[in-house]
Every structure is written in structure tokens, then in C-alpha cells.
Amino acid sequence: MKESLYKYLIKCSVAELPPEKQLFYHFIQDMEYAFEEQAESPEQYFDLLVKHHPYVQAAKHFHIPVETARDLMLEIEQEIKKEADNRIQRVFWVDYTKQVSEIERSDQQYFFIGV
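This structure is a prediction, so every number in the text was calculated from the model and none was measured.

1. Re the packing of aromatic side chains
Going through the model one piece at a time under the given rule, you end up with two aromatic pairs. On the numbers, 5.2 Å between centres and 50° between planes, the contact of Phe 24 with Phe 62 is tilted. Residue Phe 24 is located in helix H2 (residues 19-38), and its partner Phe 62 is located in helix H4 (residues 54-62); the two are separated by 38 residues in the primary sequence. Assessed through its relative accessible area of 2%, Phe 24 is described here as buried. Look at Phe 62 and you get partly exposed, because its relative accessible area is 24%. With 5.4 Å between their ring centres and 75° between their planes, Phe 27 and Phe 62 make a pair best called edge-to-face. Here Phe 27 is found in helix H2, whereas its partner Phe 62 is found in helix H4, with 35 residues between them in sequence. Classification of Phe 27 by relative accessible area gives partly exposed; the value is 21%.

This is the structure in C-alpha cells:
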């Protein structure tokens, strides 16, 4: 559950980035996901990354130097991680399983997650 919550917090952090950083981040992420879909093995995925590195492709697409593209992506990733880590520290859980089970017979657990 914690991993899926962290992924959600990452998405929230990405959504709060300035539009140009979101566009750049999604461009690189979409390329990486496309390579994952195309590859039939980890070796093939690695080959795709080497031949068509997302930073190189982003540099061409956004008309910037490759080093700038790499630095920008690292900066964005650090920003996202910092924000997600800050949010995870403020998360609280309230277990409502007992209250819901009294009303509705179910084997499921029910939580309220406050962010």
C-alpha cells in the first residue's frame, strides 16, 4: 500500500510542476515507457536506451544541449522526490474497517488517507 501511495504522491508532485517542466518530464518518461513496451528483454531495453537515449531525443526535440537536458531532468526528479518525501511525512491513516463492517458485511479493509 505504501508503494502505491508513494506513486500517487509522485503524480501529485509532477502535477504541481510548472508546465514546461511537466512537458519535459513527460516527454522523457513516455520515451522510457515506450522502450519498456517494445523490449522483450532487459538487454533489449538497454540497447534501445543506448541507441535512442531519452536525453539525446529530448535535447533534439526541445532544441537544447544534451547536457542541459540531462541536468534539467535530474533537477526535475530531485524536485519531485523532495516534494513527495515531504508529503509522505505528513500522511496519516485512519482505519474505518470496523465502522464499515458494522454497516456492510465485507472482508475488505477501509482506510481514510489524509495527505
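Back to the text.
2. Here we look at the packing of H2 against helix H3 (residues 42-51)
Two numbers describe how H2 lies on H3: the axes approach to 9 Å, and their chain directions differ by 140°. It follows from the interaxial angle that H2 and H3 lie oblique. Crossing of H2 against H3: the hand is right-handed. The segment H2 lies against H3, with Glu 32, Phe 35, Glu 36 and Gln 38 engaging Gln 44, Tyr 45, Leu 48 and Leu 49. Across the contact of H2 with H3, the residue classes break down as four nonpolar, two polar and two charged.

3. Remarks on unusual backbone geometry
In this model, His 63 sits at a positive phi of 55°, which is unusual for a non-glycine residue. Note that His 63 resides in the loop between H4 and helix H5 (66-90).

4. What to know about the side chain of Lys 21
Checked against the element boundaries, Lys 21 lands in helix H2. What makes Lys 21 buried here is its relative accessible area of 16%. With residues up to four places along the chain from it excluded, the contact list for Lys 21 reads Leu 72, Glu 75, Ile 76 and Glu 79.

Conventions adopted
Residues numbered from 1 in each chain as written. Predicted model: local features only at pLDDT ≥ 70, side-chain atom pairs only at ≥ 80, totals over all residues. Heavy atoms only, no water. Phe/Tyr/Trp six-rings, centres within 6.5 Å; stacked < 30°, edge-to-face > 60°. Helix = DSSP H or I, 4+ residues; strand = E, 2+ residues; numbered from the N terminus. Buried < 20%, exposed > 50% of the residue type's maximum accessible area, 1.4 Å probe, protein only. Axes fitted to C-alpha atoms, helices over the stretch in contact; angles between N-to-C directions. Parallel < 35°, antiparallel > 145°, perpendicular 65-115°, else oblique. Left-handed = near helix turned anticlockwise from the far one by under 90°. Contact = heavy atoms within 4.5 Å. Nonpolar A, V, L, I, M, F, W, Y, C, P; charged D, E, K, R; others polar.

From the geometry alone we can't say anything about function, so treat these as descriptive.
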